[in-house]
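Architecture at a glance
One-letter residues, chain by chain:
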Amino acid sequence: MSENTQTFCSTLSKQVGETLFATATPTRVYFLLEYRGNWEEKAVEESLIPESVKAHLTGFVKALPAARLLLIRGHSSNQPGLHLFIIDNSQKTQYEFLLERYEDVLKLDLAAVLAHEPDYQVNQRQGTLFLVCTNSRRDACCGKFGVAVYNALSKAVQHNPDWEVWQVSHVGGHRFAANVLALPQGLLYGRIQLPDVPAFVEAHRQNRMLLERLRGSTAYSAAAQAAEYYLRLETGAVGLDAFHLLDEQAISEEKWQVRFAAQDNGAIHNLTIALEKTDAKVFESCTQDKTTTIKNYRLVLHEIVWG
């Protein structure tokens, strides 16, 4: 099937009215390893990274709750060294290592890094990583829409020394392409189009989120992502630090109470979120070999408690 005749899963998702928010895969820790070779459908498994390194990293990641190992690449393949970023999404901390070869990973005490031990303080970094999913072997949408957004975003931020833009092998949700992940903020955006790039850049320059393209905060569960979306929609407060999550409690299998605290006045926002079942289905990818049922999260109640 040629690109001209192909029906993209992202187009079908928009046509059936699937909402963006509360669709981010909850992730606590990201391991981002630079790989300059070709990305296959299963990028890590099918890469030419030494098997000992792959086994070491994948074994460590699998032992952690909500951790992911992803491949990244930049514009240039001529720069010395290979980058490894370790992002603790829950703590909003990030570490950067420049490796001479992949086997250098085996020398790192990954547990000590995540424990924020002093030996690795020199590797802590500031700034923001923007990761654009571009793996066309995984899904056609990511190649068609992601690459163009990656190029535009790279150009837009080239004069900001605190921002870096990388291609990433997979973030989940092909049908929401182009997907852009901001770390260590842990914000996943979807359906970013070329006209959105200036607004996206400006929002992050002002330490705000682009709410209309937000899939969710990846440090949160789907219910908490939905609660945050409604909270910010109702209050108009889109500053990255406007609220912080206090807790969430399951009322039933399909209803939750989520509490956020406002940073400016200390108000506690209690939001009740309900999951509504639908009969609507959408293709998960452009291969159209698997469908998923669309989930709708509804705001039942929003109460404000003043301290």
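Read on for a plain summary of the structure. Note that the structure is predicted; figures quoted are calculated from it, not measured.

1. Side note on the side chain of Ser-169
Take Ser-169: it is sitting in the loop between strand S6 (163-168) and strand S7 (180-183). Judged by its relative accessible area of 4%, Ser-169 is buried. In contact with Ser-169, not counting residues within four places along its chain, are Trp-39, Ala-43, Leu-70, Leu-71, Cys-133 and Asn-135.

2. With respect to the packing of aromatic side chains
Here the structure, examined in full by the defined rule, presents 12 aromatic pairs. An angle of 5 degrees between the planes, with centres 4.1 Å apart, marks the rings of Phe-21 and Tyr-229 as stacked. Of the two residues, Phe-21 sits in the loop between helix H1 (9-15) and strand S1 (29-34) while Tyr-229 sits in helix H6 (residues 222-235), which places them 208 residues apart along the sequence. Taken as a pair, Phe-21 and Tyr-229 share a single burial class, namely buried. Seen in terms of ring centroids, Phe-97 and Tyr-120 are 5.9 Å apart; in terms of plane orientation they differ by 75 degrees. Their pairing is edge-to-face. With Phe-97 in strand S4 (residues 93-99) and Tyr-120 in the loop between helix H3 (110-114) and strand S5 (128-133), this residue pair connects regions lying 23 residues apart in the sequence. With respect to class, Phe-97 is no different from Tyr-120; both count as buried. Each member of the aromatic cluster is reached from another via a ring pair, and the members are Phe-130, Trp-163, Tyr-189 and Phe-200.

Procedures and definitions
- Within each chain, residues carry numbers counting from 1 in the order of the written sequence.
- pLDDT decides what is reported in this predicted model: residues at 70 or higher carry local features, side-chain atom pairs at 80 or more are listed and counted, and totals for whole chains, interfaces and linings draw on all residues regardless.
- Values reported for side chains reflect all heavy atoms of the structure, with hydrogen atoms and water molecules removed beforehand.
- Strands here are runs of E lasting at least two residues and helices are runs of H or I lasting at least four, both read from the DSSP assignment and numbered beginning at the N terminus.
- The buried label goes to any residue with under 20% of its type's maximum accessible area, the exposed label to any with over 50%, and the partly exposed label to all in between, with areas taken from a 1.4 Å probe on protein chains only.
- Any two residues whose heavy atoms approach within 4.5 Å are treated as being in contact.
- In this scheme Phe, Tyr and Trp rings, the latter by its six-membered ring, pair at centre separations within 6.5 Å, and the angle between planes marks the pair as stacked below 30 degrees, edge-to-face above 60, and tilted otherwise.

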